[in-house]
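Each chain, written out:
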Amino acid sequence: MIRSSILLCAGTGCCSSGCDKVHDAIEENLKKAGLESEVKLVKTGCFGLCALGPIMIVYPEGTFYASVKPEDIPEIITEHLLKGRIVTRLVYDETLQGGEVSSLDETGFYKKQKRIALRNCGVINPEDINEYIAYDGYVALGKVLTEMKPDDVIKVIKDSGLRGRGGAGFPTGLKWGFAAAQPPGQKYVCCNADEGDPGAFMDRSILEGDPHVVLEAMAIAGYAIGANEGYIYIRAEYPIAVHRLEIAIKEARKNGLLGKNIFGTDFCFDIDIRLGAGAFVCGEETALLTSIEGHRGEPRPRPPFPAVKGLFGCPTVLNNVETYANIPRIILLGADWLSSMGTEKSKGTKVFALAGMIHNSGLVEVPMGTTMREIVEEIGGGIPGGKRFKAAQIGGPSGGCIPSSLIDVKIDYDSLMEVGAMMGSGGLIVMDEDSCMVDIAKYFLEFTVDESCGKCTPCRIGTKRLYELLEKVTKGQGTLADLDKMERLSYYIKENSLCALGQSAPNPVLSTLRYFRDEYDAHVVEKRCPSHACKDLMSIVITPDKCIGCTLCKKVCPVDAIAGDVKKPHVIDQSLCIKCGVCIEKCKFGAIVKQ
Amino acid sequence: MKSLEELKALRDKARENMGIREDQPDATRVVVGMATCGIAAGARPVLTAFVQEVAKEKLEGVIVGQTGCIGICQYEPVVEIHEKDRGKTTYINMTPEKAVKIVHQHLMSGEIVNEYTIGTIGK
């Protein structure tokens, strides 16, 4: 009989911080203590606080242990699980108040979150279909097949106001309606799990933590539009997610939840996985479908839209993972339930992958309309090292930045568009005062130059030329005329590119030009990088009155650019210095600075 | 899967094997003293008896847990029941048989089993 459960995060984040060794240690120590029949050890999906991995929660107490190492396990087993004494030194410090352990939901990180798409992540074992079923899994599919007509399903999704979580925010119900309106015949349901934004991992975590929710939602979509086949297009770089999806599909088939005559009805539906090779452009819907067909992943002009002519020329619904993760709950709890959350035109919640200069990096799900300030300061716990918030890049290489003056902007599709950013798939990179915005724009553009498929000229050549102009600026060789040229070229690329990759590629440049024009000017006019991030526009120097001549910097310098005698101030030879910054890190007296 | 009923039956069965996985701040907590003295006096079978009986009767809002030394070692095994509106009840010299009776009389019917207690204090 189970009296206690240990939920151990086995998402990619915690796996790379060593959760498998922790898992083995728990198993071994439970056996040693004779507790294996009373304490259930469950590998679950992502809890969200990836910065503190490996993470585990012990129920019924709900104790949250963070940064657990295999050597800590014997203590947790004998103290907590045998004797009932919580090991406070390992408890996540935000849940410790005056020696009392409080609920995780009360912590800054979780208090403002509302988990819908992530509701099962970190709760169930994703490799066991019974656990998904225990949390009402597949009830929505059963309800749809036995009690609802396809049109009713589409109406519920339309009324809920759900919009695509993959980027553009197209109303999901509308999309399904278009595909359903096509004449009967072969149709397809596809899932876009080709998450390509640098720093984004929402879809991966959903697939790793709750793969069945996507299968169930795809089957519901299949019933709604009259399709009997589905494909999940997922990048091969997500091995854990692929593995768990494979198990989930197998178990769903075994239980008759995929396959023929589901729930004793005429409805048949099956799903296959297609692995992508990791090209960013394959996240674009027409390129993705072309890639599933076995061709080179290149976009094609729209219309016709996939809902009319998609995979193999047949009507196809293509939604992103997070969009699907909302569907079963909407069916069970009704359209009003979702539309009661969020803002006027953006309903429900959105998952963000919080990264960069932030205390709690990880995965957060918040109601639409939450402000950037709430995400950064309350949920994210602010910027480490007492530094100042400078900007946040939202929407990855297709999005834009939100400067500190707009930190109170509400996060929803339309408000973000207004300030020149976009929701995108949900990557959120926080930058502090040390980040150079020109350099950031250059970083994202380098990514799109690399990922441009080359089919259309504006994107292939335009982004390359734009990148070269940015490089000129960061090297201090730019002119004011170059900045105007950059702006003109950006609009040209946006207007003339074939697909969303090119149409959105200049966004980081345009939004940094809009909000940080002064930084561009400093690079061009004063030949100075205000954040001291651009190597060609800064030098590293030793402040003579702070240097005590300990010789440490001299020893670590990889190019022997530092000279000086013991107990006398040292000097850096600027002609040799490669500006690697190692000496700054090593100096105990703060005597070495960038200027 | 042939029907929604079949799925719901499977769901109910699956739930039994899940254990508690959410915070329940208002639950009644049954806490068994499991320090060295408690274990030596036989607290383990008492704990198991509580867990099994609570599961068997499908009681909701009851958490069975353990704690360290309560401080009255001569009365071990000691079990405390914390209720939100009634405060704490302390049962002493516990056995698995007493545990079963406490589940039925105290947890299910709300009547404290006076002869097993060390006395009760109000909240």
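Residues numbered from 1 in each chain as written. Chains lettered and ligands numbered in written order. Predicted model: local features only at pLDDT ≥ 70, side-chain atom pairs only at ≥ 80, totals over all residues.

S.K.: Explain the overall build of chain A to me, using residue names and the numbers behind them.
M.R.: Each helix and strand counted, chain A has 24 helices and 19 strands in total. Relative to a compact globule of 595 residues, whose C-alpha radius of gyration would be 25 Å, chain A shows 26 Å and is just as compact. By residue count, 52% of the 595 residues in chain A fall in the buried class. Within chain A, contacts between residues at least 6 apart in sequence are counted, and of these 71% link residues at least 24 apart. (Helix = DSSP H or I, 4+ residues; strand = E, 2+ residues; numbered from the N terminus. Rg over C-alpha atoms; globule rule 2.2 N^0.38 Å. Buried ≥ 20, exposed ≤ 12 C-beta atoms within 10 Å, placed from the backbone. Contact = placed C-beta atoms within 7 Å.)

S.K.: So what's going on with helix H3 (residues 73-82) of chain A? Which residues, and what values?
M.R.: All names here are of chain A. Those residues of H3 not exposed but buried are Ile 73, Ile 76, Ile 77, His 80, Leu 81 and Leu 82. Around the axis of H3, the buried residues are gathered within 160° of arc, so they sit on the same side. In this structure, the buried residues of H3 make contact with strand S1 (4-9), helix H2 (19-32), strand S2 (39-44), strand S3 (56-59) and strand S4 (63-65). At the exit of H3 stands Gly 84, carrying a positive phi of roughly 75°. (Arc of directions from axis to C-beta.)

S.K.: Provide a residue-level description of the packing of helix H17 (residues 437-451) of chain A against helix H21 (residues 507-515) of chain A, including the pertinent values.
M.R.: All names here are of chain A. One can describe the packing of H17 onto H21 by two numbers: an axis separation of 8 Å at closest approach and a directional angle of 170°. The orientation of H17 relative to H21 falls into the category roughly antiparallel. Residue-level contacts link Met 437, Val 438, Ile 440, Ala 441, Phe 444 and Leu 445 of H17 to Pro 508, Val 509 and Thr 512 of H21. Broken down by class, the residue content of the contact of H17 with H21 amounts to eight nonpolar, one polar and no charged. (Axes fitted to C-alpha atoms, helices over the stretch in contact; angles between N-to-C directions. Parallel < 35°, antiparallel > 145°, perpendicular 65-115°, else oblique. Nonpolar A, V, L, I, M, F, W, Y, C, P; charged D, E, K, R; others polar.)

S.K.: Please give an account of the pairing of strand S9 (residues 270-276) of chain A that cites residues and values.
M.R.: Residues and elements named next belong to chain A. Looking at chain direction, strand S8 (residues 229-235) and S9 are connected through seven bridges and run parallel. Directly across from Arg 235, in S9, lies its bridge partner Gly 276. Note on the crossover from S8 through helix H11 (residues 239-254) to S9: the handedness is right-handed. (Pairing = 2+ DSSP bridges. Right-handed = clockwise from strand over helix to strand, strands pointing away.)

S.K.: Mind laying out unusual backbone geometry, listing which residues take part and the relevant values?
M.R.: All names here are of chain A. Residue Pro 303 is bonded to the preceding Arg 302 through a cis peptide linkage, with omega at -5°. As for its placement among the helices and strands, Pro 303 is situated in the loop between helix H12 (285-292) and strand S10 (316-320). Residues Pro 303 and Pro 304 are joined by a peptide bond in cis, for which omega reads 5°. With respect to the helices and strands, the residue Pro 304 is situated in the loop between H12 and S10. Although it is not a glycine, His 532 adopts a positive phi angle of roughly 55°.

S.K.: Give a detailed account of the sheet that holds S2(A), specifying residues and quantitative values.
M.R.: Backbone hydrogen bonds hold the strands of a sheet together, and the pairing may be parallel or antiparallel. Residue and element names in this part refer to chain A. One open sheet accounts for four strands, arranged S2-S1-S3-S4; its pairing is mixed. Edge positions in the open sheet fall to S2 and S4, since each of these has one partner strand only. Direction aside, the axes of adjacent strands within the sheet are offset by 20° on average. Relative to S1, H2 is tilted by about 160°, and along the sheet it contacts S1 and S2.

S.K.: Which residues make up the pairing of strand S7 (residues 188-193) of chain A, and what values do they have?
M.R.: Side-chain positions along a regular strand alternate between the two faces of the sheet. All names here are of chain A. Most of S7 is tucked away, with six of its six residues classed as buried. Covered by surrounding structure in S7 are Tyr 188, Cys 190 and Asn 192 together with Val 189, Cys 191 and Ala 193, the residues of both alternating faces. For S7 and S10, the ladder comprises five bridges, and the chain directions are parallel. Within S10, the residue paired with Cys 191 across the bridge is Asn 319. Where S7 lies against S8, six bridges are found, and the strand directions are parallel. Paired with Cys 191 across the strands is Ile 232, a residue of S8.

S.K.: Describe the interface of chain A and chain B, naming the residues involved and giving the relevant values.
M.R.: How big an interface is tends to be stated in terms of accessible area lost as the parts join. The partner chain B presents 26 residues to the 35 residues of chain A that form the contact. When contributions to the side of chain A that touches chain B are tallied by element, the ones reaching two or more residues are S1, helix H5 (129-134) and helix H6 (139-147) of chain A. Grouping the amino acids of the side of chain A that touches chain B by side-chain chemistry returns 15 nonpolar, ten polar and ten charged.

S.K.: I'd love a proper account of the sheet that holds S9(A), names of residues and values included.
M.R.: Residue and element names in this part refer to chain A. Within the open sheet, the four strands sit side by side as S9-S8-S7-S10. Their pairing is parallel. The open sheet has two free edges, formed respectively by S9 and S10, since each of these has just one partner strand. Strand-to-strand twist of the sheet, defined as the mean angle between neighbouring strand axes without regard to direction, takes the value 20°. Against the sheet, helix H13 (residues 321-333) engages S7 and S10, with an angle of about 95° to S10.

Read these as spatial facts, not as claims about activity.
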